[in-house]
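Take a look at the letters that make up each chain.
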Amino acid sequence: MKGLLRKELYTVWAYYKVFVVVVIAFICIGPCNRGSLFLMYYPMLFVGMIPMSLLAYDENSKWLAYSAALPCTRRQIVSAKYLLLLILVAAVTLLTVIAQSAYAALHIDAVRLSPSLLCTILALGLLAPSLVLPIEFKFGVEKGRLVYYAVMIATSVLAAVFGNSTESVNQTQILPLPVAAWTLPLAAGVLLGVSWLLSVHFYETREL
């Protein structure tokens, strides 16, 4: 499992070095944009796409067929993709909090990263991969591409809708969280767990 995760991280670095820099740039400038929150949503949306894109690289390079000869199970291969997703989401969350805190320390009128806003960002980051990964593990990347595009468009629209509203920016409460806020990442976490179970089942029964 450790080797599979290292392979995923190496692949991310090999194919997404430039995009990692772009994501970090968006994280840094996101708190500066008071007119729209989209720049704060974008990094999470982008990293959510990475496990799905890596699955396409694996399929096109015939690595999935080659992995059958390795001492690892299909469940572990699926789990590595989901674990990578959680690592990327956690990293973006941490960097977002650091960037916003640093900017707020220098500017009194800085955008406040309220708990509600942070919960929304987390939920959006987990939504698309939770819906698309089971389809790709069952039917392959090519057959799942239409679903991938549809989900990404829908997620981007949701991010734009949330991003055009400044209501969350002006919230200053820390605890207790509004019910609608903390239920978003909770629901996304449940959806991710169901997605993992489906992906494992689909991939274990799929002919390569």
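Preceding this paragraph is the structure being described.
Only a predicted model underlies this, so the values are computations on that prediction, with no experimental measurement involved.

Asks: If you had to explain the environment of valine 20 to someone new, which residues and values would you point to?
Replies: Mapped onto the elements of the fold, valine 20 is located in helix H1 (residues 2-29). Residue classification places valine 20 among the partly exposed positions, given a relative accessible area of 30%. Separated by 23 residues in sequence, valine 20 and proline 43 have C-alpha atoms that sit 9.2 Å apart.

Asks: I'd like a description of H1, backed by residues and values.
Replies: With 28 residues, H1 should reach 40 Å at 1.5 Å per residue; the first-to-last C-alpha distance of 34 Å falls well below that figure. Along H1, the sharpest change in direction is near 85° and occurs at tyrosine 16. Taken together, the buried positions of H1 are Leu4, Leu5, Lys7, Glu8, Thr11, Val12, Tyr16, Val23 and Ile27.

Asks: Tell me about the packing of H1 against helix H4 (residues 74-106), and please be specific about residues and values.
Replies: Contact geometry for H1 and H4: axes closest at 12 Å, N-to-C directions at 25°. Viewed along their axes, H1 and H4 adopt a mutual orientation that is roughly parallel. Considering the relative orientation of H1 and H4, their crossing is right-handed. Seen from H1, the contacting residues are Leu4, Leu5, Lys7, Glu8, Leu9, Val12, Val23, Ile27 and Cys28; seen from H4, they are Gln76, Ile77, Ala80, Lys81, Leu83, Leu84, Ile87, Val92, Leu95, Thr96 and Ala99. Residues belonging to the contact of H1 with H4 are distributed by class as follows: 15 nonpolar, 2 polar and 3 charged.

Asks: Could you give me a rundown of the nonpolar core, with the residues and numbers involved?
Replies: One broad rule of soluble globular proteins: the nonpolar side chains tend to lie buried together. Core analysis: the largest hydrophobic core is formed by 47 residues, its most contacted members being Val47, Ile50, Met52 and Phe137. For this core, the elements supplying multiple residues, two or more each, are H1, helix H2 (38-60), helix H3 (63-66), H4, helix H5 (115-139), helix H6 (141-163) and helix H7 (179-204). Here this core takes 11 residues from H2, the largest share from any one element. Ignoring anything within four residues of it in the chain, the contact list for valine 47 reads Leu85, Leu88 and Val92.

Asks: Can you break down the side chain of glutamate 8 residue by residue, with the values?
Replies: Relative to the helices and strands, glutamate 8 is located in helix H1. A polar contact is formed between the side chain of glutamate 8 and the side chain of lysine 7, at a distance of 3.4 Å. Setting aside residues up to four positions removed in sequence, glutamate 8 forms contacts with Leu54, Asp58, Ala80, Lys81 and Leu84.

Asks: Let's hear about H5: which residues, and what values?
Replies: Compared with the 36 Å implied by 1.5 Å per residue over 25 residues, the 38 Å span of H5 between its first and last C-alpha is a close match. At valine 132, H5 is deflected by roughly 25°, the largest bend along its length, and proline proline 134 occurs up to four residues later in sequence. Within H5, 18 of the 25 residues are buried, leaving the element largely enclosed by the surrounding structure. Glycine 140 sits one or two residues past H5 and shows a positive phi near 95°.

Asks: Can you lay out unusual backbone geometry for me, pointing to particular residues and giving the numbers?
Replies: A positive phi is found at lysine 62, a non-glycine position, where the angle reads about 65°. You can see lysine 62 is positioned in the loop between H2 and H3. On the basis of relative accessibility, which here comes to 59%, the residue lysine 62 falls in the exposed class.

Asks: Outline the pattern of salt bridges, supporting the account with residue identities and numerical values.
Replies: A full pass over the atoms with the stated rule returns 6 salt bridges. One salt bridge connects aspartate 58 with lysine 81, and the closest N-O pair in it is separated by 2.6 Å. You can see aspartate 58 sitting in helix H2 and its partner lysine 81 sitting in helix H4, a full 23 residues away along the chain. Taking the relative accessible area as the measure of exposure, aspartate 58 reaches 3% and is therefore buried.

Cut-offs applied
Residues numbered from 1 in each chain as written. Predicted model: local features only at pLDDT ≥ 70, side-chain atom pairs only at ≥ 80, totals over all residues. Heavy atoms only, no water. Helix = DSSP H or I, 4+ residues; strand = E, 2+ residues; numbered from the N terminus. Buried < 20%, exposed > 50% of the residue type's maximum accessible area, 1.4 Å probe, protein only. Expected span 1.5 Å × (residues − 1). Bend = angle between axes of the 7 residues up to and from the residue. Axes fitted to C-alpha atoms, helices over the stretch in contact; angles between N-to-C directions. Parallel < 35°, antiparallel > 145°, perpendicular 65-115°, else oblique. Left-handed = near helix turned anticlockwise from the far one by under 90°. Contact = heavy atoms within 4.5 Å. Nonpolar A, V, L, I, M, F, W, Y, C, P; charged D, E, K, R; others polar. Core = buried A, V, L, I, M, F, W, Y, C linked by side-chain atoms within 4.5 Å. Polar contact = N/O pair within 3.5 Å; in protein donor to acceptor, adjacent residues only side chain to side chain. Salt bridge = Lys/Arg side-chain N within 4 Å of Asp/Glu carboxyl O.

Function-wise, these values are silent; they only describe arrangement.
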